[in-house]
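Chain by chain, the residues:
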Amino acid sequence: MPRPLIPAPVDVDLPAWLDALGTRFAAFELQGSGCVSYGVATPAGRRFVKTFRAGQDSLLRRALALHGAVAHEAIAAPLAAYRLRSGEHALVYPWLDGGVLYPTDPRGAAVRTDPGGAMARFRALPPDRVEAALDAVLDAHVAVAAAGFVAVDLYDGCLLYDFAGFRMHVVDVDEYRPGPFPLEADRLPGSTRFMAPEEFRRGAVIDERTTVFNLGRTLRLLMDAGDVEAAWRGTDRQLAVIARATEQRPELRHATVDELAVAWRAATARG
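Residues numbered from 1 in each chain as written. Predicted model: local features only at pLDDT ≥ 70, side-chain atom pairs only at ≥ 80, totals over all residues. Heavy atoms only, no water.

Peer 1: Which residues make up the nonpolar core, and what values go with them?
Peer 2: Among the nonpolar cores identified, the biggest contains 47 residues, and Leu101, Phe122, Tyr161, Met168, Val170, Tyr176 and Leu260 are the most heavily contacted of them. Those elements giving two or more residues to this core turn out to be helix H2 (57-69), helix H3 (118-123), helix H4 (127-146), strand E9 (159-162), strand E10 (167-170), helix H5 (208-222), helix H6 (236-245) and helix H7 (257-268). By residue number, the principal contributor to this core is H4, which donates 8 residues. Setting aside residues up to four positions removed in sequence, Phe122 forms contacts with Leu101, Val130, Ala133, Tyr161, Phe163, Met168 and Leu222. Counting 13 residues, the second-largest nonpolar core is a separate cluster that includes Leu60, Leu64, Leu91 and Tyr93. (Core = buried A, V, L, I, M, F, W, Y, C linked by side-chain atoms within 4.5 Å. Buried < 20%, exposed > 50% of the residue type's maximum accessible area, 1.4 Å probe, protein only. Helix = DSSP H or I, 4+ residues; strand = E, 2+ residues; numbered from the N terminus. Contact = heavy atoms within 4.5 Å.)

This is the structure we're talking about:
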């Protein structure tokens, strides 16, 4: 069981703290969450530093709760948390090599079909490499569900693939929250390509079957060679698993993430 993360107070403002931490070599300022993040070279190695403004307390609390309850090798976890004098908070993660499959980019969805981009490179991998990466995503969410959390805002922008090490990482899980819970808004945050019908219905129950749907869409979109679901690279057995996972009615889906993972692995097994 991971330890709860309690932000340590720091009596300086954000710029001074970042300068003391190390040398900034990258900035990520266009994230949909409004968080600004940095790549920082420190004496202990490169770090990814995500900052939260004073008005982003709920996002910070969710991140701290999730990482305090779930530990999995595929989920990028912070090394430390800080509360700064200027009111911001910061989470410090190890720097992960590789590419986010759908990075924030002024080109929008076109970045997914850029031949040199992470998504196109990922889709060009041999199917067994893609299957191994997707298995890591499923296994991570088995751990998430076992800890009593549901995925929220899971999409290809939360997946970072290390092309040298052939490893998939799940990142940016700050919207994940304990479930089940009733939806008290008109919709949840997220990409419509991955979201379940109940995520658009005020009063609907969001639970583990919602995560099953999100993961089914992840399997469908990332096992395709293109961006319009017209170049399926898997098998009919795998498609059948996805069809059940993405049923419109939650009660027709796999009941748990673990059940989905077992069905997917059986459909993927060769020999």
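Peer 1: So what about the packing of H4 against H5? Which residues, and what values?
Peer 2: With their axes 11 Å apart at the nearest point, H4 and H5 run at an angle of 170° to one another. Comparing their axes, H5 and H4 come out roughly antiparallel. The residues of H5 that touch H4, namely those facing Val130, Leu134, Val137, Leu138, His141 and Ala145, are Glu208, Thr211, Leu215, Thr218, Leu219 and Leu222. Classifying every residue of the contact of H4 with H5 gives 8 nonpolar, 3 polar and 1 charged. (Axes fitted to C-alpha atoms, helices over the stretch in contact; angles between N-to-C directions. Parallel < 35°, antiparallel > 145°, perpendicular 65-115°, else oblique. Nonpolar A, V, L, I, M, F, W, Y, C, P; charged D, E, K, R; others polar.)

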